[in-house]
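As a plain string of letters, each chain reads:
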Amino acid sequence: MTTKSPLVFSILTECGTSKARVSRMILPHGPVDLPVFMPVGTQGTLKGMLPEQLEELGLQIMLANTYHLGTKPGTEILQKAGGLHKFMNWNGCLLTDSGGFQMVSLLKLAEITEDGVRFQSLNDQKAEVMLTPEHSIEIQNAIGADIIMQLDDVVKTTNPDKERIEESVHRTTRWLDRCLKAHQNPDTQNIFPIVQGTLYEDLREKSAKDHIERDVRGFAIGGLSGGESKDDFWKMVHLSTNILPKNKPRYLMGVGFAEDLVVCCALGVDMFDCVFPTRTARFGCALTRKGQLNLKKEQFKKDFRPIDENCPCNTCKNYTRAYLSGIVTVLPVACHLLTEHNIVFQMNLMKDIRQSITKGKFPDFVRDFMLQVYPTKNYPSWIIDSLSAVNIKLK
Amino acid sequence: MTHVKWSKHINSEVCDAVFPLSCCVITISPLGKPRIGTLTLGRSLQSLNTPCFLVYTSHGAPPYTTLDNLRTINPKLTAVQLCLATLFDILITSASNYPISSFRKFFGLEGFLLFFTLSDPMLVLPEHFNTKKHIKINSVNGRTKISSRVYMKLVEELNPDVFCPLIDNIPLHCPKYKDKEAVNRTLMLLDDCILAMKDHPDLQSSALFGVIQGNSSIEGRRRSAYETSKRDVDGFLLENFGSHLKRDVFRTLLSTVVHELSAEKPRMISTFGIPELVLDAVEFGIDIFDGTYVPCRLVILFLQLLLNLRYPLLMAEDGNALTFYIPGHSVCRMTISKAKHISLWDDIFLDDVNPLCPGCSCMACTDYSRSYVHHLLSTHEMLAKVLLTLHNLQLYENFFCAIRSSIKAERFSTFKETFEKFYL
């Protein structure tokens, strides 16, 4: 069925008040209900969870990392296995990032040139390797994810050098064109461009407008959620979603805390990813609407409630906080139990967001949610301001 | 020979017999060895077909798989082993305050048959901790004394289907006099336990297994078995029968012990699990195996063992998949050698798209490849051990199913010979 587009997007309901919307995206490996939170399965696995379990939970899409998979197991093995879906036995949708962010953040010596990113490989040979837009797409083609990301020139939001940032905006667009040209599977994999510009409104605008001119089926908002103030953060998200077309999905990269998800849905974002829920599970932390529970603490040893009385996950069905507290530092399976809970937590949050938009009650949902997080109503000013910008008033 | 279902009558003319014990029933056929049986445990009236193995747990859960994941194993595994050694801290700090009286619920173990011992079969003691006056147990606060009284109270709260009394648990390798002392002390503790049962009416429906000690001493084992047999116990646990023993010594010790034990009571054995020794033990009439084996690394070096003999869970922990041949069942079509297990760390599996054990129908073998498991191990991802554990448990269960079938069909010796010939 080569005539069918590899991404079909339709808006189902729009919130009458804010910019939030419920929509549906159909990808080669299945449908995805938006807004969606995508957990990160970095190395082709989601922290000890069996794909069968994830399917049972109703997970529709998850992330994998190009940099890690390109190193281990490498493109050759992935090609031999028939792509990452088959390799890891995951039948849902996949999204891969370009590898650019990992390189810049993980590696000490990464030099960015017009060609690509030159760095010292982490393997034994310590050879100098170059990750170019073409090479990134090559690896992502081998992995076979439904959505793949362009290689972008990422600059930290804390970098004040406007010239450098302007350079990165233009280069990102040039690299987008190179990615689109190198792409081998335009009928089965969707390239998303990434809007850059750090905290400069004019540069963000330029980046977004350039990308809009290209033939792409969705957009990512990048370069945020890394050190900038929350006040700057929300304004850039708001600006980006104002410019990006409504009829295509918008993906905000690296955002995953519950309140950030709620606010950014109000600002019109459709897709999110973050390592936070799965990473924090490894450290013994369970997520609830009222905040994180660090189960290592003594106070939980005699707390015989489940993590969350309203949570339908198996961990909450079978175990108490007291038991989890007893095993969290000593038993490997504790990590799976917490990971499952945290993933279900995120999924339930997104489901509630979607349902409230569908019922026309999203602003009420936002208010109730924020009240749970801040029972004394001492809302941070950035939350008040961002919601106010989309007509949601917190009392 | 037919397998008799549970009935209230003992018909001595029939080879097959049913023995109602105080709280559990074992139907054994034939009365000699090897034997298959159905162990029906009093409280839950759940039954277990023997010979069988127990799923190892630490702190109340299998270390790498959730209890839900165990569902993928067919037939269902329902018997688990718990030990005070890993449960102690949780029991003391949390479970004893649990408002609901059943500890089972606290551990999420409702619906399972629980076998409770003092020692952790995964951990062979490097030294003897117990003093002349006290048994000691490791806890977060260091080594704590534990008395029979406290022990029995914890057992009562846990309410297992089978439990062993407090014992003088000793390392595998001990001076002879300590072996002897341990036998004596364990008998005394057994007597204390039987006496204490009066104060714990809830434990009446749990089966008490006496523990047979003695390490490698033939006389020690004989005496321990003989004396334990004289007490009012429902079954036996042969402790510290590790794979560190040479095969002929192992067989001699087993034969010595079994000779003293009444045929109608179930026998459990701990700390080994490699297939050839399992077959030996079944031959001598052992019914329940503990599903793990560990000499700790110190002991391996000390005894200069070359093989990694840890089954099946520790095999998974080290990145190994079990691939041994089960006569009459599927043969793992090894392309490398007739290995009883393969280490998925090995680089030869980098691009091997075959399942862990071709021919195995478990979930790990149906949906995943050696290449993927190798990738998971080399990236230090937890899913590796989940998949290996699930495969190993399935293969091990297939092994025990085949053993039971062969005994039923009176072909066990052929089964055993076929296995041994394959690996000559």
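In this text the structure is predicted, and so the values were computed from the model without any measurement. (Residues numbered from 1 in each chain as written. Chains lettered and ligands numbered in written order. Predicted model: local features only at pLDDT ≥ 70, side-chain atom pairs only at ≥ 80, totals over all residues. Heavy atoms only, no water.)

### Let's talk about the packing of helix α4 (residues 176-196) of chain B against helix α5 (residues 218-230) of chain B
Residues and elements named next belong to chain B.
Turning to step 1, where the next piece is worked out: Where α4 contacts α5, the axes come no closer than 10 Å and their chain directions differ by 10°. As far as their axial angle goes, α5 and α4 are roughly parallel. Along its contact with α4, which presents Lys180, Val183, Asn184, Leu187 and Leu190, the element α5 presents Gly220, Arg223, Ser224, Glu227 and Thr228.
Turning to step 2, where the next piece is worked out: Grouping the constituent residues of the contact of α4 with α5 by class yields 3 nonpolar, 4 polar and 3 charged. (Axes fitted to C-alpha atoms, helices over the stretch in contact; angles between N-to-C directions. Helix = DSSP H or I, 4+ residues; strand = E, 2+ residues; numbered from the N terminus. Parallel < 35°, antiparallel > 145°, perpendicular 65-115°, else oblique. Contact = heavy atoms within 4.5 Å. Nonpolar A, V, L, I, M, F, W, Y, C, P; charged D, E, K, R; others polar.)

### Description of the domain arrangement of chain A
All names here are of chain A.
Turning to step 1, where the next piece is worked out: Per the domain assignment, the segments of chain A are domain 1 (12-274) and domain 2 (281-360).
Turning to step 2, where the next piece is worked out: Between domain 1 and domain 2, the residue contacts involve 26 residues of the former and 15 residues of the latter.
Turning to step 3, where the next piece is worked out: Our count for the contact surface shared by domain 1 and domain 2 stands at 0 salt bridges.
Turning to step 4, where the next piece is worked out: If you look at where domain 1 meets domain 2, you find 3 residue pairs in polar contact (both at pLDDT 80 or more). (Domains from an automatic or database assignment. Salt bridge = Lys/Arg side-chain N within 4 Å of Asp/Glu carboxyl O. Polar contact = N/O pair within 3.5 Å; in protein donor to acceptor, adjacent residues only side chain to side chain.)

### Looking at α5 of chain B
All names here are of chain B.
Turning to step 1, where the next piece is worked out: Relative to the 18 Å expected for 13 residues at 1.5 Å per residue, α5 spans 19 Å between its end C-alpha atoms, a close match to the ideal helical length.
Turning to step 2, where the next piece is worked out: Among all positions of α5, only Gly220, Arg221, Ser224, Ala225, Glu227, Thr228 and Ser229 are buried.
Turning to step 3, where the next piece is worked out: Buried residues along α5 sit against α4, β12 (207-212), β13 (235-238) and α6 (247-260). (Expected span 1.5 Å × (residues − 1). Buried < 20%, exposed > 50% of the residue type's maximum accessible area, 1.4 Å probe, protein only.)

### Some points on the interface of chain A and chain B
Turning to step 1, where the next piece is worked out: Taken together, the contacts link 38 residues of chain A with 42 residues of chain B.
Turning to step 2, where the next piece is worked out: There are 3 salt bridges connecting chain A and chain B.
Turning to step 3, where the next piece is worked out: Close ionic contact of lysine 47 of chain A with glutamate 381 of chain B constitutes a salt bridge, the shortest N to O distance being 3.2 Å.
Turning to step 4, where the next piece is worked out: Here chain A and chain B share 14 residue pairs in polar contact (both at pLDDT 80 or more) between them.
Turning to step 5, where the next piece is worked out: Those elements giving two or more residues to the side of chain A that touches chain B turn out to be α1 (51-57), α3 (75-81), α4 (84-88), α12 (314-318), α13 (321-327) and α14 (332-358) of chain A.
Turning to step 6, where the next piece is worked out: Its residues assigned to classes, the side of chain A that touches chain B shows 19 nonpolar, 11 polar and 8 charged.

### A short note on the nonpolar core
Turning to step 1, where the next piece is worked out: Core analysis: the biggest nonpolar cluster contains 173 residues, and Leu84, Phe107, Phe115, Leu238, Leu387 and Ile403 of chain B have the highest contact counts within it.
Turning to step 2, where the next piece is worked out: For this core, the leading source of residues is helix α12 (residues 383-408) of chain B, giving 14 residues.
Turning to step 3, where the next piece is worked out: Inspection of this core shows a minimum of three residues originating in each of domain 1 (12-274) and domain 2 (281-360) of chain A.
Turning to step 4, where the next piece is worked out: In this structure, Cys15, Val262, Val263 and Trp382 of chain A belong to the second largest nonpolar core, which totals 51 residues. (Core = buried A, V, L, I, M, F, W, Y, C linked by side-chain atoms within 4.5 Å.)

### Focus on the sheet that holds strand β2 (residues 21-27) of chain A
All names here are of chain A.
Turning to step 1, where the next piece is worked out: Here 3 strands make up an open sheet; going across it, the order is β1-β2-β3 and the pairing antiparallel. Each edge of the sheet is formed by a strand with only one pairing partner; in this case those strands are β1 (8-14) and β3 (30-34). For this sheet, the mean angle separating the axes of adjacent strands, direction not counted, is 15°.
Turning to step 2, where the next piece is worked out: For β1 and β2, the ladder comprises 6 bridges, and the chain directions are antiparallel. By the bridge assignment, serine 10 is partnered in β2 with arginine 24.
Turning to step 3, where the next piece is worked out: This element, α14, spans β1, β2 and β3 of the sheet and lies at about 120° to β2. (Pairing = 2+ DSSP bridges.)

### Looking at helix α6 (residues 133-143) of chain A
Residues and elements named next belong to chain A.
Turning to step 1, where the next piece is worked out: Counting buried residues in α6 gives 8 out of 11 residues, a clear majority hidden from the surface.
Turning to step 2, where the next piece is worked out: Taken together, the buried positions of α6 are Pro133, Ser136, Ile137, Ile139, Gln140, Asn141, Ala142 and Ile143.
Turning to step 3, where the next piece is worked out: Phi for glycine 144, located one or two positions after α6, is positive at around 85°.

### Here's the deal with the confidence of the model for chain B
Residue and element names in this part refer to chain B.
Turning to step 1, where the next piece is worked out: Residue-level pLDDT values for chain B average 81, and 82% of them are 70 or greater.
Turning to step 2, where the next piece is worked out: When the criterion is pLDDT under 50, residues 1-16 qualifies, and its contacts beyond four places in sequence or with other chains add up to 27 contacts.
Turning to step 3, where the next piece is worked out: When the criterion is pLDDT under 50, residues 293-310 qualifies, and its contacts beyond four places in sequence or with other chains add up to 40 contacts. (pLDDT = per-residue confidence, 0-100.)

### Some points on the UniProt feature "binding site: substrate" (unreviewed entry) in chain A
All names here are of chain A.
Turning to step 1, where the next piece is worked out: Mapped onto the present numbering, the UniProt feature "binding site: substrate" (unreviewed entry) falls at Asp97, Ser98, Gly99, Gly100, Phe101, Asp152, Gln196 and Gly223. Considering only the annotated residues already named, the ones lining the largest pocket are Asp97, Ser98, Gly99, Gly100, Phe101, Asp152, Gln196 and Gly223.
Turning to step 2, where the next piece is worked out: Relative to the elements of secondary structure, glycine 100 occurs in helix α5 (residues 100-106).
Turning to step 3, where the next piece is worked out: A relative accessible area of 2% means that glycine 100 is categorised as buried.
Turning to step 4, where the next piece is worked out: Here glycine 100 is in contact with Leu131 and Leu151, once residues within four sequence places are set aside. (UniProt positions renumbered as here; feature names shortened; annotations may be inferred. 1 Å grid on protein atoms, 1.4 Å probe; cavity = no way out; pocket = protein on both sides within 12 Å on 5 of 7 lines; lining within 4 Å.)

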